[in-house]
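Results of the structural survey
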Amino acid sequence: MWYTIIGQDVPNSLDKRMAARPAHVARLQALQEQGRLLLAGPFPAVDAVDPGAAGFTGSLIVAEFATLQVAQEWANADPYVVSGVYAEVRVLPFRKTFPQ
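Source: prediction; values computed, not measured.

As a further point, take the sheet that holds strand β3 (residues 56-64). Pairing within the open sheet is antiparallel, and its four strands lie in the order β2-β3-β1-β4. Each having just a single partner strand, β2 (37-44) and β4 (86-94) make up the two edges of the open sheet. Within the sheet, the average angular offset between the axes of one strand and its neighbour, ignoring direction, is 10°. Where strand β1 (residues 2-9) meets β3, seven bridges bridge the pair, whose relative direction is antiparallel. Bridged to Y3 within β3 is A63. Seen against the sheet, helix α1 (residues 14-33) touches β1, β2, β3 and β4 and runs at an angle of roughly 10° to β3. In this fold helix α2 (residues 68-76) packs onto β1, β3 and β4, with an angle of close to 155° to the strand it touches most, β4.

What counts and what doesn't
- Residues numbered from 1 in each chain as written.
- Predicted model: local features only at pLDDT ≥ 70, side-chain atom pairs only at ≥ 80, totals over all residues.
- Heavy atoms only, no water.
- Pairing = 2+ DSSP bridges.
- Helix = DSSP H or I, 4+ residues; strand = E, 2+ residues; numbered from the N terminus.
- Axes fitted to C-alpha atoms, helices over the stretch in contact; angles between N-to-C directions.
- Contact = heavy atoms within 4.5 Å.

Structure (structure tokens):
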């Protein structure tokens, strides 16, 4: 089943985010190689593709996991969680409808 993982950044997270990014991206690439990643990306803090020093407010990942518990465990082990980028992480079941 698909699950959304929504991470909400702590204030002024950009330096922590950039330091943890390579490990975070490597985990996403592993999901992609397994055919389990639907989409992933950050929420810019301002209305721009590249927010510069404004940074990001969080991230969204939609990926396939066997159960909600497995998805939660994967999310809890994310480098952004471990390094303190995320203040909060929510994991929710997701039913993809479009595009088909």
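Now that the structure has been shown, we can carry on.
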